[in-house]
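Spelled out, the chains give:
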Amino acid sequence: DTGVSQDPRHKITKRGQNVTFRCDPISEHNRLYWYRQTLGQGPEFLTYFQNEAQLEKSRLLSDRFSAERPKGSFSTLEIQRTEQGDSAMYLCASRPGLAGGTGELFFGEGSRLTVL
Amino acid sequence: AQKVTQAQTEISVVEKEDVTLDCVYETRDTTYYLFWYKQPPSGELVFLIRRNSFDEQNEISGRYSWNFQKSTSSFNFTITASQVVDSAVYFCALSEITGGTSYGKLTFGQGTILTVHP
């Protein structure tokens, strides 16, 4: 399977614990995105990388959230001191860094977080 | 600020019926992209179409068609002769254009849950 993969697919944690999600984009894609989707809502943009550089962060990304893409390949999203409001699906997407094209984002199946 | 509204929360149809999903957007940008994505139960969003704001030509792809009307800020999606496999959540999304391309920051609508019954 050469699509975007995310791990773990499901995570249940207690309030106050730290969690980390991993995303492996499609190998030739240099742009990587994190989105958050709560139940019954559309995805909301969190952050964006071009290679290893984090170029934009949403105001939704509080100080408890940190994302990295150390070698411009896989990315991690860490949430510290989780709160119940962090319960959501965390979606990763990637795309080639080419101008034009369809502008299509290729999404993974997401990592579902439940904070008890 | 950009905003996308999908007023229909849920739609239920019987197989072979035609169905239209509505999408209305707000943006101050003069150029932008509009998208439709499908989210099946597996959770992975699947790209369906992108439309440039300067191209109002409607598009048809098999049973799918899209009607873009800039004057009413709408980008509606019609499925002709619906099938059970079309059951999914459908999202309309908007993206600004920077440097001639969308850099991938999308504003999504709330989604429309489509259920097609046999």
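Here's a quick rundown of the structure.

Parameters and conventions
- Positions within a chain are numbered from 1, following the residues in the order the chain's sequence is written.
- The naming scheme follows written order: chains are lettered A onward, ligands numbered 1 onward.
- Restriction of local features to residues with pLDDT of at least 70 applies here, the model being predicted, together with a cutoff of 80 or more for giving and counting side-chain atom pairs; totals for whole chains, interfaces and linings are based on all residues.
- Processing note: side-chain calculations cover all non-hydrogen atoms of the structure and skip hydrogens and water entirely.
- Residues enter a nonpolar core if they are buried and are Ala, Val, Leu, Ile, Met, Phe, Trp, Tyr or Cys, with the set joined through side-chain atoms within 4.5 Å.
- Here the term buried applies to any residue with accessible area under 20% of the maximum for its type, exposed to any over 50%, and partly exposed to those in between, with areas from a 1.4 Å probe on protein chains only.
- Counting from the N terminus, the helices are DSSP H or I runs at least four residues long and the strands are E runs at least two residues long.
- The contact rule is simple, with two residues in contact once any of their heavy atoms fall within 4.5 Å.
- Basic side-chain nitrogens of Lys or Arg form a salt bridge, by our definition, when they fall within 4 Å of a carboxyl oxygen of Asp or Glu.
- A pair of strands is treated as paired once DSSP finds two or more bridges between them.
- For every element, the axis is a line fit to its C-alpha atoms; helices are fit only across the contacting stretch, and the angle between N-to-C directions ranges from 0 to 180 degrees.

1. Overview of the nonpolar core
Generally speaking, nonpolar side chains in soluble globular proteins are found buried as a group. In this structure, B:Trp36, B:Trp66, B:Phe75, B:Phe77, B:Tyr90 and B:Leu114 are the most contacted members of the largest nonpolar core, which totals 24 residues. Those elements that provide at least two residues to this core are β2 (10-14), β3 (19-21), β5 (32-39), β6 (46-52), β8 (64-69), β9 (74-79), β10 (88-96) and β12 (112-117) of chain B. Excluding residues that lie within four positions of it along the chain, B:Phe77 makes contacts with B:Val19, B:Thr20, B:Leu21, B:Trp36, B:Leu48, B:Tyr64, B:Ser65, B:Trp66 and B:Tyr90. By size, the runner-up hydrophobic cluster in this structure holds 19 residues, among which are A:Val19, A:Ile26, A:Ala88 and A:Tyr90.

2. What to know about the pattern of salt bridges
Scanning the entire structure with this criterion turns up eight salt bridges over all chains. A salt bridge links A:Arg64 to A:Asp86, with the shortest nitrogen-to-oxygen separation between them at 2.8 Å. Within this pair, whereas A:Arg64 is found in the loop between β6 (53-57) and β7 (65-68), its partner A:Asp86 is found in the loop between β8 (75-79) and β9 (88-95), the two being separated by 22 residues in sequence. Classification of A:Arg64 by relative accessible area gives buried; the value is 11%. Residue B:Asp86 pairs with B:Arg63 through a salt bridge whose shortest N-O separation is 2.8 Å.

3. Topic: the sheet that holds β8(A)
Residues and elements named next belong to chain A. Spatial ordering of the open sheet is given by β1-β3-β8-β7, a layout of four strands whose pairing is antiparallel. Each edge of the sheet is formed by a strand with only one pairing partner; in this case those strands are β1 (5-7) and β7. Taken pair by pair, the neighbouring strands of this sheet meet at an average axis angle of 15°, ignoring direction. As judged from the three bridges shared by β1 and strand β3 (residues 19-24), these two strands associate in the antiparallel manner. The residue of β3 that forms the bridge with Ser-5 is Asp-24.

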